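# Residue-level structure breakdown
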Amino acid sequence: LHPSIKKKPHIINHNKSEYTDGFEEWWNLYPRKAGSKRKAFILYQRIIDKEIDGLKLFELTVRYKQSVYNTHFKYIPHPQTWLNGRRWETIDEEREQSVKTNLNQLVG
């Protein structure tokens, strides 16, 4: 090799996950696996540190997943979009809105 070129060893650590257990559980729960998992993890960490408890976010995600059960995947936002848009704050409002819509459809 030329003296100006330094050879760097290619090291990969397969034993350590770069994601926390809490995030992995949340990621596996979220109804759509699309977009950047790494970006979602960064947002998740920021939110858990400053905005909301991890268990509360998990609970709200469960409720969100139930609310979009029969929704086509293309209408479910990517995980990082959901986190960045703080959509966990409107879970109850979305549920109320869907109930009102369903009652209106029944009436006619």
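Everything here concerns the structure above.
Reference entry: report on the structure contained in this document.

Procedures and definitions
Residues numbered from 1 in each chain as written. Predicted model: local features only at pLDDT ≥ 70, side-chain atom pairs only at ≥ 80, totals over all residues. Heavy atoms only, no water. Helix = DSSP H or I, 4+ residues; strand = E, 2+ residues; numbered from the N terminus. Buried < 20%, exposed > 50% of the residue type's maximum accessible area, 1.4 Å probe, protein only. Contact = heavy atoms within 4.5 Å. Areas by Shrake-Rupley, 256 points an atom, 1.4 Å probe, with all protein chains shown as cover. Expected span 1.5 Å × (residues − 1). Core = buried A, V, L, I, M, F, W, Y, C linked by side-chain atoms within 4.5 Å. Axes fitted to C-alpha atoms, helices over the stretch in contact; angles between N-to-C directions. Parallel < 35°, antiparallel > 145°, perpendicular 65-115°, else oblique. Nonpolar A, V, L, I, M, F, W, Y, C, P; charged D, E, K, R; others polar.

### Here we look at the overall build of the chain
Helices and strands together make up the secondary structure of the chain, namely five helices and zero strands. For the chain, the α and β elements follow one another from N to C terminus as α-α-α-α-α. The 108 residues of the chain split such that 28% are buried. Within the chain, contacts between residues separated by at least 24 positions form 66% of all contacts whose residues are at least 6 apart in sequence. Counting only carbon and sulfur atoms, one obtains 52% of the accessible surface of the chain, whose full area is about 8400 Å².

### With respect to helix 3 (residues 54–67)
With 14 residues, helix 3 extends 20 Å from end C-alpha to end C-alpha; this agrees with the ideal 20 Å at 1.5 Å per step. Along helix 3, the residues classified as buried are Gly 54, Leu 57, Leu 60, Thr 61, Arg 63 and Tyr 64.

### Comments concerning the nonpolar core
If you look at the biggest cluster of nonpolar residues, it comprises 20 residues, and the most contacted ones within it are Phe 23, Trp 26, Leu 57, Tyr 64, Trp 82, Leu 83 and Trp 88. Counting only elements with at least two residues in this core, the list comes to helix 1 (21–29), helix 2 (37–50), helix 3 and helix 4 (79–84). Here this core gets five residues from one element, more than from any other, and that element is helix 2. Contact partners of Trp 88, with chain neighbours within four places excluded, come to Ile 47, Glu 51, Ile 52, Leu 57, Leu 60, Trp 82 and Leu 83.

### Considering the packing of helix 1 against helix 3
At their nearest, the axes of helix 1 and helix 3 sit 10 Å apart, and the two run at 10 degrees to each other. In terms of axis orientation, helix 1 runs roughly parallel to helix 3. Residue-level contacts link Glu 25, Trp 26 and Leu 29 of helix 1 to Leu 57, Phe 58, Thr 61, Val 62 and Lys 65 of helix 3. Of the residues that constitute the contact of helix 1 with helix 3, the class distribution is five nonpolar, one polar and two charged.

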